[in-house]
Amino acid sequence: MTKEKGLPLTSSHWGTYRAKVKNGKVQELTGWEYDKDPSPIGPGILDVQDGPTRIDAPMIRKSWLENGPGSNNKKRGTDPFVEVSWNKAEELVANELNRVKIEYGNSSIFGGSYGWASAGRFHHAQSQLHRFLNCIGGYTRSKFTYSFAAAEAMVPHILGSYRAFLDTCTSWELIKKNTEIFVCFGGIPIKNGQISQGGTGHHYQREKLLDAAKTGIEFINISPLKSDLIDEVNGEWITARPNTDTALMLGLAHTIHKEGLSNKDFLGKYTQGFDKFLPYLLGVNDGIPKNAEWASKICNVTSSKIIELARKITSKRCMISVSWSLTRQDHGEQTFWMAIMLASMIGQIGLPGGGFGFGYSATNHIGGQFKILPGAAFPQTKNEIDDFIPVARISDLLLNPGKNFDFDGKTYTYPNTKIVYWAGGNPFHHHQDINRLIKAWEKPDTIISNEWCWNTLAKRSDIVLPCTIPLERRDIMMTPRDPYVVSMSKLIEPYGKSKNDFEIFKGIARKMGVEKKFTEGRSQEEWQKWIYKQTFEKALAANIKIPSYEKFRKDKWFKIQDPDKPTLMLKDFRDDPIKNALQTPSGKIEIFSQTVADFGYDDCPGHPVWIEPCEWLGKVDKKYPLHLISNQPKNKLHSQMDHGKYSKSFKIGDREPVEINPFDAEDRDLKNGDIVKLFNDRGSCLAGVVIEEKVMRGVVKISTGAWYDPENPDKTGSMCKHGNPNVLTRDKGTSKLGQGPIAHSCLIEMKKYKNKLPKVTAHEPPIIIRSNISLN
C-alpha cells in the first residue's frame, strides 16, 4: 500500500485512481486507498487512450472544406475527413463564427453543449466553450438537464427550489438510525452510484445501503426492474406498470385520507392548498375517486397491497425516495409533485429518517454527509443573448426556426440556428428519436465539435478539433458534492496534435481578436491558481479551512472536515416555518400552486394529477406490446468509454444486451445470446438477448450508451446495428411546463433477427485524407 500511495493521482466522474505510467502510456489505474468501493468503469480508458479511435489532428469534412458551409449536409456521417493544420482549422472556425455573427447574429450560434465531459475544475469543456462564445458576443444556450428537467421546472413551484434540496437529501446516517420503512419509487440503483458529477474520493452508496439494511429497515422497491434494489437488501419488489407511479401514490393518498391516517397538523401548518387538491382525490368534480381500486386497474398492483402499504407508511418512520428516472416520462412533473404531497400527508418531513428524497444512489453524493465547499469555477462571463431552449428540445430548435414554444409559464421562440458548437457530451447518446435528430442535424450550416475520439458526434461534424483527455492534463478535482479535493496529475503527453479546450479556444480567440478577453492574460496554471484562491477565500468566509495552493499541490489531496451535525432535509423549515419560510408564494409546501394553475396548461394543472401517458402498457389500443426501459448503464458513464474493453465485455455478439422476462422470451421463441431486432414506428436496432427474471413481464430493458451505428449511414431511419435505444424513444416534452425528455414512455416489439448479421462499425474511424497540400 505504501508503494501505491506514491503513485500520481487522477480523477474522473467515476472516481479517483492511482496511476502507473510506463513508456509514455498509462498502464494501470487502481482505486485509491481511501475509496472502499472503487468503480471498474475508470480503467476503461486505458485501451482507448491511443489508437485508431483517437482523433490525432484537426479534421474538416471534405464537402464542407471544398464547397463551404451548408454543403452536402446529408453526407454528415459518410463524408471523408481531411486533415488540416491547427492554423487552418482556427482560421476556418473564426471565419465561420464571424460570418454567422454578422449575417444572422449571435443567437444563431447554439452552444448548448450538454454533457458531463471532464471532472476537472478548470478543464471543463462546457465552461471553456461558454466563456469563449460569451467573449465573441454570446450564444443560444440550453436550460436544465436530461436527468431531471421536469423536476427542475416543477419542484421550485412546490418547494421554492430544486437544487437546494437535491444536494441536501437526508443523510444515510440519519436513515440508518431512524428510518423504519424505505419506499423507493424507481429503486436505489447502486450502479448509478458509481458516478458523481465533478468527481468523488469515496464511493459509499453500497456501503451505506447495506448498513441501513442491517438495522432492519424494511425496503420496498417499486420498479419494473428488481435489479433496481440489490438482492442483499432483501427488499420487497412491487411491479407496478411503468409510468404509473403517480396513480399508485394517489391510491395511497386516498386510502390515507379515507382511513383518517393523514397528519392534519402538518398539512395545516406546513403546506398550502390541500383543500383544493382534495376534491380531485375524492372524485368530487370528475366522479372518479382516486382510491385503491382505481389505482389498481392502472398500476396492475392489487388494491389490497395498496391499502396495506398506505397503512404501513403512516404507522412507521418512513422515507420516500423518487428516482430521477421517474421524471423522464410523459407528464414526469407529476411524480415528484405527488411524492412530496404523499410525504406531506404522512407528516414526517423534517424529522430524522422521514420525509422524501430525490433519488438515493442516482449519483454517489445523494445522502452524503459533508460540508459544501463553495468552490470557484472557471468564469463563463455574461451571455449577451437571452435566447435558450429547454435542454431536450434540440431537434425542435433545428427543425422549427421561428416557431413559438411554451415553457414554465411563458412563450418563447426558437432562433434560426446556423452553427452548432459542441464541446463535451454526445447528443447522439442522450437525445431521443435519433432518426428525427439526424434530420434536424442536417439543417445548420456548420457543426463544430471538440472531441477526443471518433464517436457519432465527431463523425457527423463538419469541423473536428482534437482535444485531450484528463490523463493528459493537470487539473483540480473539486466539487461541492464531495469532501475530497484532489490534484489531478498530468500523466502523459497529449495524443497526436490534440490540445486541451483552453488552448483550442485561445487559438480561435486570437484569430477573432479576443484572446486577451478570453485568457485575461493568464496561463492554464495561473487560472488554476486563481480558481483555488477564490475557493480559499470563500471557504474562509464559510469557516472551512483548506490548505494553501502550494501545500495542496505538494500533498496531492485533502479532505474537508465532516460537519458537526448530520444532514436533515427541511429541518429548519419544520422547526420554524415562519422564520425559515420556503421560497414559494405562500412560504409553505405548495400542494396546490396558483402560479402553475394560472399558466392554464392542459397537461399540467395546479395540483398533482394522473394523466395517461402517450405510450404505456395500459393503453387499450397500443400498437406495440412491450415497454422499453432505457436506463443508465452499469459499465460506462452514459456513452463514455463504450469503445473500451470493460464496456465491450458486456456486449453480446458485439451488440448491447437487452433483458427480457422468461415468459416474454418464450412467447417469441428466444434464448440467451440470440440477436433480436427491437422496433417501432420511429426506428429499430439490434441487441443480444439476456433472459432475466428480474425484469417484470411486458417490459424489456436495454441501457443507453451504445454508440449509434446505422446499417446504412446515408439513409434516414436506418437500423442501428449496435443497440442504441434512442432510435426507439419518443422526442416529446414532458409537458408545456417542464419540456423534459420522455425516454421512458416508449412501446416496442422485438423478434429474432434471422438475416445475416451486419458488422458493427460504431468504433471504427471514418475515412481520413491526409495530404500535405491541405495542411496549409
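The coordinates are above.
Overview of the structure. Bear in mind that the values here come from a model prediction, so they are computed numbers and not experimental data.

Pairing is antiparallel in the open sheet, where 3 strands are placed in the order β1-β2-β3. Each end of this open sheet is capped by a strand with a single partner; those strands are β1 (9-12) and β3 (25-31). If you compare each strand with its neighbour and ignore which way they point, the axes differ by 40° on average. As defined by bridge partners, β1 adjoins strand β2 (residues 15-22) across 4 bridges and the pair is classed as antiparallel.

So, on to empty space enclosed by the protein. Enumeration according to the criterion identifies 4 cavities of 30 Å³ or more in this entry. Looking at the largest cavity, its volume works out to about 700 Å³. Together, 47 residues line the largest cavity, and Ser325, Arg328, Asn631, Gln632 and His744 are the ones closest to its centre. The class makeup of the residues in the lining of the largest cavity is 20 nonpolar, 21 polar and 6 charged. In this model, the second largest cavity occupies a volume close to 600 Å³. Around the second largest cavity, the lining comprises 40 residues; the ones closest to its centre are Trp14, Ala117, Ser118, Trp452 and Gln640.

Moving on to the pairing of β2. Counted between consecutive antiparallel strands, the loop separating β1 from β2 contains 2 residues. Bridge count for β2 against β3 is 6 bridges, and the pairing is antiparallel. Residue pairing across strands places Lys22 opposite Lys25, the latter belonging to β3. Here β2 folds back onto β3 in antiparallel fashion, the turn holding 2 residues, of which Asn23 has a positive phi close to 55°.

All right, on to the packing of aromatic side chains then. Counted according to the given criterion, the structure contains 48 aromatic pairs. Across the ring face of Tyr280, the terminal group of Lys290 is positioned such that the distance to the ring centre comes to 4.1 Å. Positioned above the aromatic ring of Trp527, the side-chain terminus of Arg522 is 4.6 Å from the ring centre.

Inspection of helix α11 (residues 274-282) places Phe274, Phe277, Leu278, Tyr280 and Leu281 among the buried residues, and these make up the whole buried set. Seen end-on, α11 carries its buried residues on one side only, within an arc spanning 165°. Trailing α11 by a residue or two, Gly283 shows a phi angle of about 80°, which is positive.

In this structure the tally under the stated criterion is 0 disulfides. The cysteine Cys467 is free of any disulfide, with Cys453 supplying the nearest cysteine sulfur at 8.3 Å. For Cys604, which is in no disulfide, the shortest distance to another cysteine sulfur is to Cys614 and amounts to 15 Å.

As a further point, take the layout of surface pockets. What the largest pocket holds in volume is close to 930 Å³. Along the wall of the largest pocket there are 36 residues; nearest its centre are Gly115, His124, Gln126, Gln197 and Arg481. Contributing elements (two or more residues each) for the lining of the largest pocket: α4 (125-135), β7 (141-143) and α6 (163-166). Across the lining of the largest pocket, the residue classes tally to 11 nonpolar, 19 polar and 6 charged. Taken together, 32 residues line the second largest pocket, and the ones lying closest to its centre are Lys191, Gln194, Pro633, Lys634 and Phe650. Here the lining of the second largest pocket is composed, by residue class, of 12 nonpolar, 9 polar and 11 charged.

Criteria and thresholds
- Chains are numbered independently. Their residues run from 1 in the order of the written sequence.
- Only residues with pLDDT of 70 or above have their local features reported here, since the model is predicted, and side-chain atom pairs are shown and tallied only from 80 upward, although totals for entire chains, interfaces and linings are computed over all residues.
- Excluding hydrogens and water, the side-chain figures rest on all heavy atoms present in the structure.
- Any two strands with at least two DSSP-identified bridges between them are counted as paired.
- Strands are runs of DSSP state E lasting at least 2 residues, helices are runs of H or I lasting at least 4, and numbering of each runs from the N terminus.
- To define axes, lines are fitted to C-alpha atoms, for helices over the stretch in contact only, and angles between the resulting N-to-C directions are given on a 0 to 180 degree scale.
- Buriedness of a pocket was judged along seven lines, with at least five required to meet protein on both sides within 12 Å; pockets are open sets of points on a 1 Å grid over the protein atoms alone, cavities are sets where a 1.4 Å probe fits but cannot get out, and lining residues have an atom within 4 Å of a point.
- Grid points are joined across faces, edges and corners, and a volume is the space filled by probe spheres set on the points.
- Ten residue types, Ala, Val, Leu, Ile, Met, Phe, Trp, Tyr, Cys and Pro, are classed as nonpolar, four, Asp, Glu, Lys and Arg, as charged, and the remainder, Gly among them, as polar.
- Pairs were defined over the aromatic rings of Phe, Tyr and Trp, the Trp ring being its six-membered one, requiring ring centres within 6.5 Å. Orientation was assigned from the angle between planes: stacked under 30 degrees, edge-to-face over 60, tilted for the rest.
- Each ring is checked for a lysine NZ or an arginine CZ that lies within 6 Å of its centre and within 35 degrees of its normal; such an atom marks a charge sitting over the ring.
- Only protein chains enter the accessibility calculation, which uses a 1.4 Å probe; a residue is then buried when its area is under 20% of its type maximum, exposed when over 50%, and partly exposed in between.
- Regarding the arc, it is the one traced by the directions from the helix axis to the C-beta atoms.
- For this text, the term disulfide refers to a pair of cysteine sulfurs within 2.5 Å.

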